[in-house]
Amino acid sequence: MPDHTDPMSQGYVGIVSNKRRKTREREHRQNRRIPAGFVVTWLAENLTRFEAAKIEWEHRKQRHIGWNTKQGGGKFIRNLMEQMEASPVSTT
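Okay, so let's go over this structure. Residue numbers restart at each chain and count upward from 1, following the sequence in its written direction. For a predicted model such as this one, the threshold for reporting local features is a pLDDT of at least 70, and the threshold for listing and counting side-chain atom pairs is 80 or more; totals across whole chains, interfaces and linings nevertheless cover every residue. Calculation of side-chain values draws on the structure's entire complement of heavy atoms; hydrogens and water are dropped beforehand.

Despite not being glycine, Asn 46 shows a phi value in the positive range, around 60 degrees. The backbone of His 64 shows a phi angle near 60 degrees, a positive value even though the residue is not glycine. Examined against the element boundaries, His 64 turns out to sit in the loop between α2 (49-59) and α3 (74-86). Numbering of helices and strands runs from the N terminus; a helix is a DSSP stretch of H or I covering at least four residues, while a strand is a stretch of E covering at least two.

Right under this line is the structure:
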């Protein structure tokens, strides 16, 4: 939505390849869960799958944030990032 300015708590955050962009946007426009009139804003482009999943996980660490119903990042990234947060690297 045009008034959504905080991607950490508003809207939908997801990952899509360049080949599937138009198809995914059309699917979202047909989805009744996402309000009509939504605006697509790309947070980042030309990332590896790992980089994109990490950004998605950082924006959707829990379920039911914004329009997302699931945690972001995929299972592998979530497990990896949760392990990294649980045992931070010492700098001393």
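Attention now moves to the packing of α2 against α3. Where α2 meets α3, the axes come as close as 10 Å, and the angle between the chain directions of the two elements is 65 degrees. The orientation of α2 relative to α3 falls into the category roughly perpendicular. In terms of crossing hand, the pair formed by α2 and α3 is right-handed. Along its contact with α2, which presents Phe 50, Ala 53, Lys 54, Glu 56 and Trp 57, the element α3 presents Gly 74, Ile 77, Arg 78, Leu 80, Met 81, Glu 82 and Glu 85. Partitioning the contact of α2 with α3 into residue classes produces six nonpolar, one polar and five charged. All axes are obtained by fitting lines to C-alpha atoms, using only the stretch in contact for helices, and the reported angles, taken between N-to-C directions, cover 0 to 180 degrees. Should an angle fall under 35 degrees it is called roughly parallel, over 145 degrees roughly antiparallel, and 65 to 115 degrees roughly perpendicular, with every other angle called oblique. Handedness of a helix crossing follows the sense of rotation of the near helix relative to the far helix, less than a right angle counterclockwise being left-handed and clockwise being right-handed. Contact between two residues is taken to exist if any of their heavy atoms lie within 4.5 Å; hydrogens are not considered. Three classes are used, and their members are as follows: Ala, Val, Leu, Ile, Met, Phe, Trp, Tyr, Cys and Pro are nonpolar, Asp, Glu, Lys and Arg are charged, and the others, Gly among them, are polar.

These results come straight from atomic positions and should not be treated as a statement about function.
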